[in-house]
Amino acid sequence: MIIHSVKSVVSSGVRGKAAVSSGFTGKAIVTAKVGEVMTFKDVKYGPHDGELRFRLIHFWEARNVVTKVLIGVEMLLIDHEETVIQGFIPAGRVDTYLPHMKDGGIYRLNNFSGSNNKILYRVAEPSFTITFSTTSVLSDLEDSPLCFPEDHFRIHGYEEFDAACDLRGDLYDYVGHIKLVNGQVLSDSLVLDDAEIAASRRVLLHVQTHDGPVMKLYLWDKAASDFSEKFKASGGTARVVLVTTLNPKRFGGALALSSMTPSRVFLDTDVQETKEYLAWMEANLAVANRVNADVVTKAETVSIGELFSYMKQEDAKVAWFECIATIGDVVHGSPWYYIGCGVCHTKATKGPTTLMCKKCGKTNIVGVAQYLAKISVYDNDDQASFVLLGDAGHELVGRKASELVARYFEGNENVEDDHFVPVPQALIDTIGQTRKFIVKVSDHNLTGKTQTLTVTKVLNPEVQEVEGNLEENMIVPGAQETLQKGVADDEPSTCVGMVKRAADDVEAEDPKRARCG
């Protein structure tokens, strides 16, 4: 099949054969001599009447960042010499050519223009881009004796990404193994929340290549949904990830990688590069499991004022910071804890007789009291509201929320099931203490929905840096969803009518044995 531009009535011949109809009404196509066969290395600036033969690796829309108007379709092409070049179809010609192209397809293109490649965010090394012109003729390439590679990757490591950080230059690819997914440690019980991913348009991975530093890898929009689909298809067992065309940036003082519109996601056995890395990982489990987390876990130290300034920046992203502050007060009159799922820590939902977990999909779960306490803090110049979430409250108070709730009901047996448990003295006693807080600037902070900051870890101020396993120093697994769904904004977090019953069975040393209903 031969396709030509709407504006042209051109001649085309394919090895002496008569041209066949493209299916476009009113577009006459006749035979003619085929131009000289070229390779991508032969492409220069200006019009060409030669013929290119290539495989289409991938294509994506290019839109105006402000108006969202379609500019055209960008493509990644590869020829038989394994040279990769960028292609472009202007918006007015997209409907002519794109319906007849697909990822992985092999084509010939006659008559095209060589345009200057863009300087910012390049996806291929050649200085020129192949642009479909008004005289271009596209046809399928069948029975070619030449071999066209299926793909090509430009993989960089930590040092190379670090050197290119914030330069907005070429976009390179990354391969490594996954340490965390949205703050959760990889396990058989890991469940990705589709609604949360759709709302945030993001998946945050912590990744590592061999025994190098751990990095944050932000997947946005389509890359996020593609990862979610592939991860679920693997049964949650995928461990290796390769992401293409990444933009290296510095968030919260640490190097992070961010996906772009042309980014693609591959897992475990999708491509040869992930297969090879998976083989290395299986042969070097001790190395792969050794976390060198100093880069990602050592949060940037800032003042309260600097935290608020960061939240107002136009290009601010979700990030973690270290802030030394003194506790001025504990907020009374609102719940200081919530009843969460004993597995994923997500806020439990009250059923007719039991507690349910939407995230785990279970209708009868173990209910465990988790910290969700608001405190007022200050430093030399400013004050702020922090929320102690999950283990952060335990680190500050020295006692688990489930223990404090259980002991209250043990000493007050006559109270009703829906009784509001007051703020415990152990929490009030922290007033006046100066601590080092690891706080998260969330999407809710960046969109102005709340100024309250989430504390994910509490340290003594004399501790110089966060050390140890990555899983111990980063996000409280699963529990972050409690804040994302509005609990931080004074919405009741306890399961009214079931709080006492949850606490009745709590044992101080093993709160996970507490069952509701």
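As the structure is a prediction and not an experimental result, all values here were calculated from the model.

Thresholds, definitions, all that
Residues numbered from 1 in each chain as written. Predicted model: local features only at pLDDT ≥ 70, side-chain atom pairs only at ≥ 80, totals over all residues. Heavy atoms only, no water. Helix = DSSP H or I, 4+ residues; strand = E, 2+ residues; numbered from the N terminus. Buried < 20%, exposed > 50% of the residue type's maximum accessible area, 1.4 Å probe, protein only. Areas by Shrake-Rupley, 256 points an atom, 1.4 Å probe, with all protein chains shown as cover. 1 Å grid on protein atoms, 1.4 Å probe; cavity = no way out; pocket = protein on both sides within 12 Å on 5 of 7 lines; lining within 4 Å. Points joined across faces, edges and corners; volume = space filled by probe spheres on them. Nonpolar A, V, L, I, M, F, W, Y, C, P; charged D, E, K, R; others polar. Pairing = 2+ DSSP bridges. Core = buried A, V, L, I, M, F, W, Y, C linked by side-chain atoms within 4.5 Å. Polar contact = N/O pair within 3.5 Å; in protein donor to acceptor, adjacent residues only side chain to side chain. Contact = heavy atoms within 4.5 Å. Salt bridge = Lys/Arg side-chain N within 4 Å of Asp/Glu carboxyl O. pLDDT = per-residue confidence, 0-100. Phe/Tyr/Trp six-rings, centres within 6.5 Å; stacked < 30°, edge-to-face > 60°. Patch = residues over 30% accessible without salt bridge, like charges linked within 9 Å, V, L, I, M, F, W, Y side chains within 5 Å. Lys, Arg positive; Asp, Glu negative; His and termini not counted. Charge placed at Lys NZ, Arg CZ, Asp CG, Glu CD.

**Student:** Any chance you could explain the overall build of the protein chain here in plain terms?
**Tutor:** Scanning the protein chain from terminus to terminus reveals 15 helices and 24 strands. Counting over 517 residues, the protein chain shows a buried share of 54%. Roughly 23300 Å² of accessible area belongs to the protein chain as shown, and the carbon and sulfur atoms make up 48% of that amount.

**Student:** Sorry, what's going on with the layout of surface pockets here?
**Tutor:** Picture a little ball the size of a water molecule; that probe, rolled over the atoms, points out where space is still empty. Reported here for the largest pocket is a volume of approximately 1400 Å³. Taken together, the elements giving at least two residues each to the lining of the largest pocket come down to β3 (46–63), β4 (70–78), α3 (194–200), α4 (221–233), β13 (240–251), β14 (254–259) and β15 (265–267). It is β3 that contributes the most residues to the lining of the largest pocket, six residues altogether. For the lining of the largest pocket, a count of residues per class yields 17 nonpolar, eight polar and 15 charged.

**Student:** Quick question: what am I supposed to make of the pairing of strand β7 (residues 128–131) here?
**Tutor:** Remember that side chains alternate between the two faces of the sheet whenever the strand is regular. With two bridges joining them, strand β5 (residues 84–90) and β7 adopt parallel strand pairing. Pairing of G87 across the sheet is with I130, part of β7. The pairing of strand β6 (residues 106–116) with β7 spans four bridges and is classified as antiparallel. Residue pairing across strands places G114 opposite I130, the latter belonging to β7.

**Student:** Explanation requested: the nonpolar core in the structure shown.
**Tutor:** Nonpolar side chains tend to gather and get buried jointly when the protein is soluble and globular. Ranked by size, the top nonpolar core spans 48 residues in total, and within it W336, V377, F386, L388 and F437 carry the most contacts. In terms of residues, this core owes the most to one element, strand β17 (residues 319–330), which gives six residues.

**Student:** Is there a simple way to explain the side chain of T129 in this structure?
**Tutor:** With respect to the helices and strands, T129 occurs in strand β7. Here T129 falls in the buried class, since its relative accessible area comes to 8%. Within the structure, T129 has its side chain in polar contact with the side chain of N117 (distance 3.5 Å). For T129, the residues in contact, after removing those within four places along its chain, are Q86, G87, F88, S113, G114, S115, N116 and N117.

**Student:** Explain the environment of F409 to me, please; I cannot follow it from the model alone.
**Tutor:** Here F409 shows up in helix α10 (residues 401–411). Taking relative accessible area as the criterion, F409 reaches 3% and is therefore assigned buried. Spatially, the C-alpha atoms of F409 and H419 are 9.5 Å apart, while their sequence positions differ by ten residues.

**Student:** What exactly am I supposed to notice about the pairing of strand β23 (residues 434–441) here?
**Tutor:** Most of β23 is tucked away, with seven of its eight residues classed as buried. Examined bridge by bridge, β23 and strand β24 (residues 453–459) share five bridges and lie antiparallel to one another. Along β24, the bridge assignment pairs K436 with L459.

**Student:** What am I meant to see in the pattern of salt bridges here?
**Tutor:** Where side chains of opposite charge bring their charged atoms close, a pairing between them can arise. Taken as a whole and assessed by the stated rule, the structure comprises 19 salt bridges. Of the charged contacts, one joins E125 and R154 as a salt bridge, the two residues approaching to 3.9 Å between their closest N and O atoms. Here E125, found in the loop between β6 and β7, pairs with R154, found in the loop between β8 (137–140) and α2 (158–163); they are 29 residues apart in sequence, far enough to count as distant. Its relative accessible area of 52% is what places E125 among the exposed residues. With a relative accessible area of 11%, R154 lands in the buried category.

**Student:** Got a minute to help me understand the confidence of the model for the protein chain in this structure?
**Tutor:** Any residue range with low pLDDT should be treated as having predicted coordinates unsuitable for detailed reading. Confidence in the prediction for the protein chain averages 80 pLDDT; 79% of positions are at 70 or higher. Overall, residues 292–297 carries pLDDT values under 50, and its contacts beyond four positions in sequence, including any with other chains, amount to 21 contacts. Low pLDDT (under 50) marks residues 463–517, which in the prediction has 161 contacts with non-local residues, meaning those over four places away or in another chain.

**Student:** Please explain the side chain of T452 as it appears in this structure.
**Tutor:** Among the structural elements, T452 can be located in the loop between α12 (443–446) and β24. Sequence-distant contacts of T452, that is, excluding residues within four places in its chain, are made with S385, F386, V387 and N445.

**Student:** Which parts of the structure should I look at to understand the environment of S385?
**Tutor:** Here S385 is to be found in strand β22 (residues 383–389). Judged by relative accessible area, which is 35%, S385 ranks as partly exposed. In this structure S385 touches I375, Q451, T452 and L453, once residues within four positions along its chain are discounted.

**Student:** Whenever I open this one, the environment of A369 confuses me. Can you help?
**Tutor:** Inspection of the secondary structure assignment puts A369 in strand β21 (residues 367–378). The class of A369 is buried, set by a relative accessible area of 8%. Taking the C-alpha atoms as reference, A369 lies 4.5 Å from I339; in sequence the two are 30 residues apart. Each residue touching A369, except ones within four places of it in the same chain, is listed here: Y337, Y338, I339, A401, S402 and V405.

**Student:** Would you mind showing me how to read the packing of aromatic side chains here?
**Tutor:** By convention here, two paired aromatic rings are described through the distance between centres and the angle between planes. Inspection of the entire model under this criterion finds twelve aromatic pairs. When the centroid spacing of 5.0 Å and the interplanar angle of 70° are considered together, the rings of Y97 and F132 count as edge-to-face. Highlighted residues: Y97 in helix α1 (residues 94–97) and F132 in the loop between β7 and β8, separated in sequence by 35 residues. Taken together, a centroid distance of 5.4 Å and an interplanar angle of 20° make the contact between F227 and F231 stacked. Taken together, the residues span about one helical turn, with F227 and F231 both in helix α4 at a distance of four residues. Residue class for F231 comes out buried when judged on its relative accessible area of 2%.

**Student:** Teacher, can you tell me more about unusual backbone geometry here?
**Tutor:** Excluding glycine, most residues fall at negative phi; most peptide bonds, likewise, are trans. Although it is not a glycine, E82 adopts a positive phi angle of roughly 70°. In this fold, E82 is placed in the loop between β4 and β5. Non-glycine residue D143 carries a positive phi angle of around 55°. Relative to the helices and strands, D143 resides in the loop between β8 and α2.

**Student:** Is there a simple way to think about a negative patch on the surface in this case?
**Tutor:** The grouping of E36, D42, D49 and E81 at the surface amounts to a negative patch. The exposure class assigned to E81 is partly exposed, which follows from its relative accessible area of 37%.

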